[in-house]
Amino acid sequence: MTWIYLNDRFVPHEEAVVSVFDHGFLYGDGVFETLRAYRGRVLLLSEHLARLERSASRLALQLPVSLESLGKLIEASVERNHLPEAYIRVTVSRGPGEIGLDPALCKTPTLIIIAKPFRCYPDSFYTDGVGVAIVRTRRNLPEALPPEIKTLNFLNNIFAKIEATAAGAYEGVMLNHREELTEGATSNLFIVQNGRLRTPGLECGILEGITRGVVLNVAKGLALPTEEARLYVADLFGAEECFLTNTTHEVLPVTKVNGQPVGTGRPGQITGRLRASFLAGLDRLLDRL
Ligand code: PDD
């Protein structure tokens, strides 16, 4: 049986239901985080908690428990479900309240922690790479809905995913209103150009991915020049290598853009080195937990 943490206790997953008046459901009013546990240990917990708090504060949403308690509850969710390899989703919504946009209508936020077995991606994702499509959907305008907030309002990303799937690609890469590359529907984007690792800067309007931050550090450790910059479609087509990062698929090689091969059309060497070094670093982090 899967145990879900709901508000103030663990309940069997059939009993883990929320009100139809929850503003998370009615309006996408809330925030979330996706984490992973390896060997039963939650990776980069404090980084994810810090981002959850940042997101919540941008919505003037008070987390219902302290960050310290939340961390313990996340770890308890993994333990309770006996999960060595886990996918963890933490959701905090505005909570149930009368219909209406005013957050004051909701007295208590809803807290949900789902920890379930991690389903591995196919090996071919890493041996052959995946394809991305540049989609027509633009990334949310930062002045409208800042992409740096990990909100439950995910339609922008869903539109990109629908387009990518229709184009036969795994991920959709969105541009911003200035024609700059931003990110994928659920991942950050990296390219290698002239042996240099480049990724859209935060000013392009992206989520500051935790994996992105780790990969930039790993690159520095490998003495690889890195650059957070404004990048364009031509940079992606002209890249020697490309990859995506996120918590679930880690460093994922991209070998096709809009059906065209990237570089040699095979996962790149630098991507491979970064992935190996990322995994080794992750092992070291876990050993210390
Ligand atoms: N997505 N950009 C977007 C829009 C994302 O949704 C995500 C993560 C990332 C990568 O962030 P991180 O490295 O911190 O996972 C970038 C998670 C995995 C999700 O959608 O569940």
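Here is a short report on the structure shown in this document. (Residues numbered from 1 in each chain as written. Predicted model: local features only at pLDDT ≥ 70, side-chain atom pairs only at ≥ 80, totals over all residues. Heavy atoms only, no water.)

Let's talk about helix H3 (residues 67-80)
Alright, step 1. If you check H3, its first and last C-alpha atoms are 20 Å apart, about what 14 residues at 1.5 Å a residue would give, namely 20 Å.
Alright, step 2. Among all positions of H3, only Leu-70, Gly-71, Leu-73, Ile-74, Ser-77 and Val-78 are buried. End-on, the buried residues of H3 take up no more than an arc of 165°, which puts them together on one face. Across from the buried face of H3, at angles greater than 90 degrees, the exposed residues are Glu-68, Lys-72 and Glu-79.
Alright, step 3. Backbone geometry just after H3 places His-82 at a positive phi near 50°. (Helix = DSSP H or I, 4+ residues; strand = E, 2+ residues; numbered from the N terminus. Expected span 1.5 Å × (residues − 1). Buried < 20%, exposed > 50% of the residue type's maximum accessible area, 1.4 Å probe, protein only. Arc of directions from axis to C-beta.)

Observations regarding the packing of aromatic side chains
We describe a pair of aromatic rings using the distance from one ring centre to the other and the angle between the two ring planes.
Alright, step 1. What the rule picks out here adds up to 6 aromatic pairs.
Alright, step 2. Aromatic pair Tyr-5 and Phe-10: ring centres 5.1 Å apart, planes at 75°, arrangement edge-to-face. The same class applies to Tyr-5 as to Phe-10, namely buried.
Alright, step 3. A cation sits over an aromatic face here: Arg-89 above Phe-32, 3.9 Å from the ring centre.
Alright, step 4. The ring of Tyr-87 carries the charged tip of Lys-116 above its face, separated from the ring centre by 5.4 Å. (Phe/Tyr/Trp six-rings, centres within 6.5 Å; stacked < 30°, edge-to-face > 60°. Lys NZ or Arg CZ within 6 Å of the ring centre and 35° of its normal.)

Some remarks on the site of the ligand
Alright, step 1. Close to the ligand lie 20 residues, the nearest being Thr-34, Glu-183, Ile-210, Thr-211 and Thr-247.
Alright, step 2. Within the side chain of Arg-51, one N or O atom sits 2.9 Å away from an oxygen atom of the ligand.
Alright, step 3. At a separation of 3.4 Å, a nitrogen atom of the ligand approaches a polar backbone atom of Thr-186.
Alright, step 4. Its free accessible area being 480 Å², the ligand has 95% of it covered by the protein chains.
Alright, step 5. Put simply, the parts of the chain that give the shell around the ligand at least two residues each are strand E3 (30-38), strand E9 (181-184), helix H6 (210-221) and strand E13 (241-246). (Near = heavy atom within 4 Å. Polar contact = N/O pair within 3.5 Å; in protein donor to acceptor, adjacent residues only side chain to side chain. Areas by Shrake-Rupley, 256 points an atom, 1.4 Å probe, with all protein chains shown as cover.)

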